[in-house]
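Examining the three-dimensional arrangement
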Amino acid sequence: MNIDSVRREYTFSGLSKETADANPVKQFGNWLADAMQANTDEPTAMSVVTLGLDGFPQSRIVLLKYFDEKGFVFFTNYNSDKGVSIEQNPAVGLHFFWPKVERQVRISGFAAKTETKLSDEYFHSRPLASQISAIISEQSSEIPSRKYLENQFEILLAQLQNSKPARPENWGGYRVKPEKFEFWQGRENRLHDRIVYEKQYNDWIMKRLAP
Ligand SMILES: Cc1cc2nc3c(=O)[nH]c(=O)nc-3n(C[C@H](O)[C@H](O)[C@H](O)COP(=O)(O)O)c2cc1C
């Protein structure tokens, strides 16, 4: 398979310090809205990058569920590899790629567990089957087989008998408080736009980077 000629030109849009919002959270919201408007698949999917206990960076996709000035929230198992890594080192990267609008956004920040109220509310807003899966899956641990997982699911489903499961303590949200954003807009001839926001006290300082 020859993949060396796989490439495309990026012509959708441009970004400058003048056109970007002075507030990077608002800028993120504008771009997410554009990605959704363009029918991007999984527009809220983002890579979360953590430093693993073995020293290797680890990346995995999760779904962004909330964002505002306080930070960017996703939900997971606190005992998973990412949970263990975050407890050890809360510095994380978030990374979005929206091909339909030829954009990526990178965010660096510090992750902390969300308040339990938010985790409870979000947990109970999920379909029952997803709640059961979250309870029975010891995420990132080795399991004997697929059958084992399905059995655990059926056992808990039968036990619940239409009652509402409680959120397990080891499942909940992380909120990533951003320190830095980079907005990348693909441009023609690979002369892409890169606008970075860095936090200085309570202000955001903008810079343009070479592509
Ligand atoms: C589109 C997509 C969405 C996902 N959303 C989540 C999520 O919101 N939370 C989560 O814990 N895992 C999610 N996953 C699974 C993770 O990528 C990963 O496999 C899992 O969290 C275990 O990661 P870890 O072992 O590095 O902790 C998603 C995967 C994909 C492909």
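Being a predicted model, the structure only gives us computed values, none of them experimental. (Residues numbered from 1 in each chain as written. Predicted model: local features only at pLDDT ≥ 70, side-chain atom pairs only at ≥ 80, totals over all residues. Heavy atoms only, no water.)

**Observations regarding the environment of Pro165**
This is how it is decided: Helix numbers and strand numbers start at the N terminus; a helix is a DSSP run of H or I with at least 4 residues, a strand a run of E with at least 2. Exposure categories follow from relative accessible area, calculated using a 1.4 Å probe and restricted to protein chains: below 20% of the type maximum is buried, above 50% is exposed, and the middle band is partly exposed. Contact between two residues is taken to exist if any of their heavy atoms lie within 4.5 Å; hydrogens are not considered.
By the secondary structure assignment, Pro165 is in the loop between α5 (146-160) and β7 (171-185). For Pro165, a relative accessible area of 6% translates into the label buried. Once the C-alpha coordinates of Pro165 and Phe123 are considered, the two residues, 42 residues apart in sequence, prove to be 9.6 Å apart. Not counting residues up to four positions away in its chain, the partners in contact with Pro165 are Phe123, His124, Leu128, Gln131, Ile135 and Leu160.

**Some words on the side chain of Glu102**
Put simply, the rule is: We call two N or O atoms a polar contact when they sit within 3.5 Å, provided that within protein one can donate a hydrogen and the other can accept it, with sequence-adjacent residues counted only if both atoms are side-chain atoms.
With respect to the secondary-structure elements, Glu102 resides in the loop between β5 (91-98) and β6 (103-113). Judged by its relative accessible area of 7%, Glu102 is buried. A polar side-chain atom of Glu102 sits 3.0 Å from a polar atom in the side chain of Arg8. Look past the residues within four positions of Glu102 in its chain and what remains in contact with it is Arg8, Glu9, Tyr10, Thr11, Phe12, Trp184, Gln185 and Gly186.

**Quick word on the site of the ligand**
The criterion, for reference: One heavy atom within 4 Å of a molecule or strand makes the whole residue count as near it. To measure how exposed things are, a 1.4 Å probe is used in the Shrake-Rupley method; for residues, cover is taken only from the protein chains shown. For this scheme, ten residues count as nonpolar: Ala, Val, Leu, Ile, Met, Phe, Trp, Tyr, Cys and Pro. Four count as charged, namely Asp, Glu, Lys and Arg, and the remainder, Gly too, count as polar.
As a structural note, the neighbourhood of the ligand is formed by Glu42, Arg60, Ile61, Val62, Leu63, Phe75, Thr76, Ser80, Asp81, Lys82, Gln139 and Ser140. At a separation of 2.6 Å, an oxygen atom of the ligand approaches a polar side-chain atom of Thr76. Here Asp81 contributes a backbone N or O atom positioned 3.3 Å from an oxygen atom of the ligand. For the ligand, whose free accessible area comes to 630 Å², the fraction covered by protein is 63%. In terms of residue count, strand β2 (residues 57-63) provides more of the shell around the ligand than any other element does, four residues in total. Of the residues belonging to the shell around the ligand, the class tally is four nonpolar, four polar and four charged.

**Quick notes on the layout of surface pockets**
Just so we agree on the cut-off: Detection works on a 1 Å grid of protein atoms alone, calling trapped sets that fit a 1.4 Å probe cavities and calling open sets with protein on both sides within 12 Å along at least five of seven lines pockets, with lining residues defined by an atom within 4 Å of a point. Grid points are joined across faces, edges and corners, and a volume is the space filled by probe spheres set on the points.
Of the volumes computed, that of the largest pocket is approximately 370 Å³. Considering the residues around the largest pocket, the lining is formed by 17 residues, among which Phe75, Thr76, Arg126, Gln139 and Trp171 are closest to the centre. Contributing elements (two or more residues each) for the lining of the largest pocket: β2, β4 (71-77) and α4 (128-136). Considering each element in turn, the lining of the largest pocket owes the most residues, four residues, to β2. Grouping the amino acids of the lining of the largest pocket by side-chain chemistry returns seven nonpolar, six polar and four charged. A volume near 160 Å³ is recorded for the second largest pocket. Taken together, Val49, Gly93, Leu94, His95, Arg106, Ile107, Ser108, Lys180, Phe181, Glu182, Arg194 and Leu209 make up the full set of residues lining the second largest pocket. Contributing elements (two or more residues each) for the lining of the second largest pocket: β5, β6 and β7.

**Here's the deal with the nonpolar core**
We count it as follows: In this text, buried Ala, Val, Leu, Ile, Met, Phe, Trp, Tyr and Cys residues form a nonpolar core when linked through side-chain atoms within 4.5 Å.
Formed by 30 residues in total, the largest nonpolar core has its most connected members in Phe28 and Trp98. Within the residue set of this core, elements represented by two or more residues are α1 (24-37), β1 (45-51), β4, β5, β6, β7 and β8 (193-200). Per-element tally for this core: the top contributor is α1, with five residues. Apart from residues lying up to four places away in sequence, Trp98 is in contact with Phe28, Trp31, Leu32, Ala35, Thr40, Pro43, Arg103 and Val105. Core analysis: the second largest hydrophobic core is formed by seven residues, Val73, Tyr122, Ala134 and Trp171 among them.

**Concerning the pairing of β8**
Just so we agree on the cut-off: At least two DSSP bridges between two strands are required for those strands to pair.
As judged from the six bridges shared by β7 and β8, these two strands associate in the antiparallel manner. Bridging from a neighbouring strand, Lys180 pairs with Glu198 of β8. In terms of strand pairing, β8 meets strand β9 (residues 203-208) through six bridges, oriented antiparallel. Across the sheet, Val196 pairs through a bridge with Lys207, a residue of β9. Hairpin remark: β8 followed by β9, antiparallel, with two residues in the connecting loop; positive phi at Tyr201, about 55 degrees.

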